[in-house]
Amino acid sequence: MKFLVLILAASLFSAIAPASGADLSKLESLAGAEHHAFASDEVGRTFHLYVRTPDGYASADRPYPVVYVLDGGTLFPIFASLQMLLEVDEAAPKAIIVGIAYGGLDFESGNYRSTDYTEPTADPDFSYWGGADAFRAALRDEIAPFIEKTYRADPSQRILYGQSLGGQFVLHAARREPDLFWGLIAANPALHRNLDRFLSPAGADTASPPSVFIARGEFDDRTYSEPMDQWVEHWRKIDSTGWRLKIDTLDGEGHSSIAPAAYKAGMAWLFSEREGR
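Residues numbered from 1 in each chain as written. Predicted model: local features only at pLDDT ≥ 70, side-chain atom pairs only at ≥ 80, totals over all residues. Heavy atoms only, no water.

1. Some remarks on the nonpolar core
Line of reasoning, step 1. Counting 48 residues, the largest nonpolar core has Tyr68, Ile147 and Trp231 as the members making the most contacts within it.
Line of reasoning, step 2. Top contributing element to this core by residue count: helix α4 (residues 132-150), with 7 residues.
Line of reasoning, step 3. In this structure isoleucine 147 touches Leu49, Val51, Val66, Tyr68, Val98 and Ala153, once residues within four positions along its chain are discounted.
Line of reasoning, step 4. Leu86, Trp182, Ala262 and Phe271 belong to the second largest nonpolar core, which has 28 residues in total. (Core = buried A, V, L, I, M, F, W, Y, C linked by side-chain atoms within 4.5 Å. Buried < 20%, exposed > 50% of the residue type's maximum accessible area, 1.4 Å probe, protein only. Helix = DSSP H or I, 4+ residues; strand = E, 2+ residues; numbered from the N terminus. Contact = heavy atoms within 4.5 Å.)

Written out as structure tokens, the structure reads:
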């Protein structure tokens, strides 16, 4: 009897054992995604760009808003699926999603988010921070033009999403080059090592201020939430970020879990605010 059970278990395992390679064609939200290995002269490294176009894209003849997602190696699969569901419910307009990924989770495997997403810090242990200007140039002069040449992406409706250090880069981009993105979403921005740099005037004027949505998690780590408390209080007193600004605390969310809720809330506010709804 025991022998028979073992045979049946082995047969069942062989029937359901996973294939050696992942077949994304059966995942509806990722089946049509495209990958581009993109060599950047500005930063001297290669990014992996993952692109999902909306349902009906092939037969339509119009441009679409485009959402550039930082930390795309983690967030692109989530947001590609979420964007598809939002479109089904007409809770967000159809949009192209571009995940900007590094191909690894840590510095040793080529993930340079701590360099690319940050302004400099006085902390000598983090001298590798401070590459935000170069990364912004890569977005402006290389990545966005490539996407807009390859896809029907509307350059007048560029959106940037960034979380944690990516959220720092969102605030950097809004301050230093406010014309680059039509809308920006920052989730739990991490300003814990260089807050002082974000308390000064932007240094860049624009006739059309961007809309900036900042999502804060109710249970964000104090390491990140306390500097943001200071940032909010500073700009509330001055009442002059120069942006159309919305700050929202999302109940029940932590530093990382906030991603889907921040994206949904940010997209809803951006399009309702900019379209006057």
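2. Structural notes on the pairing of strand β3 (residues 64-69)
Line of reasoning, step 1. Within β3, 6 of the 6 residues are buried, leaving the element largely enclosed by the surrounding structure.
Line of reasoning, step 2. Two strands pair when backbone bridges link them, and β3 and strand β5 (residues 153-163) are joined in this way by 5 bridges, in the parallel orientation. Directly across from tyrosine 64, in β5, lies its bridge partner alanine 153.
Line of reasoning, step 3. Pairing of β3 with strand β4 (residues 96-101) involves 4 bridges; the strand directions are parallel. Counted as the bridge partner of valine 69 is glycine 99 from β4.
Line of reasoning, step 4. Since β3 and β4 lie parallel, the crossover through helix α2 (residues 72-88) that links them has a hand, and here it is right-handed. (Pairing = 2+ DSSP bridges. Right-handed = clockwise from strand over helix to strand, strands pointing away.)

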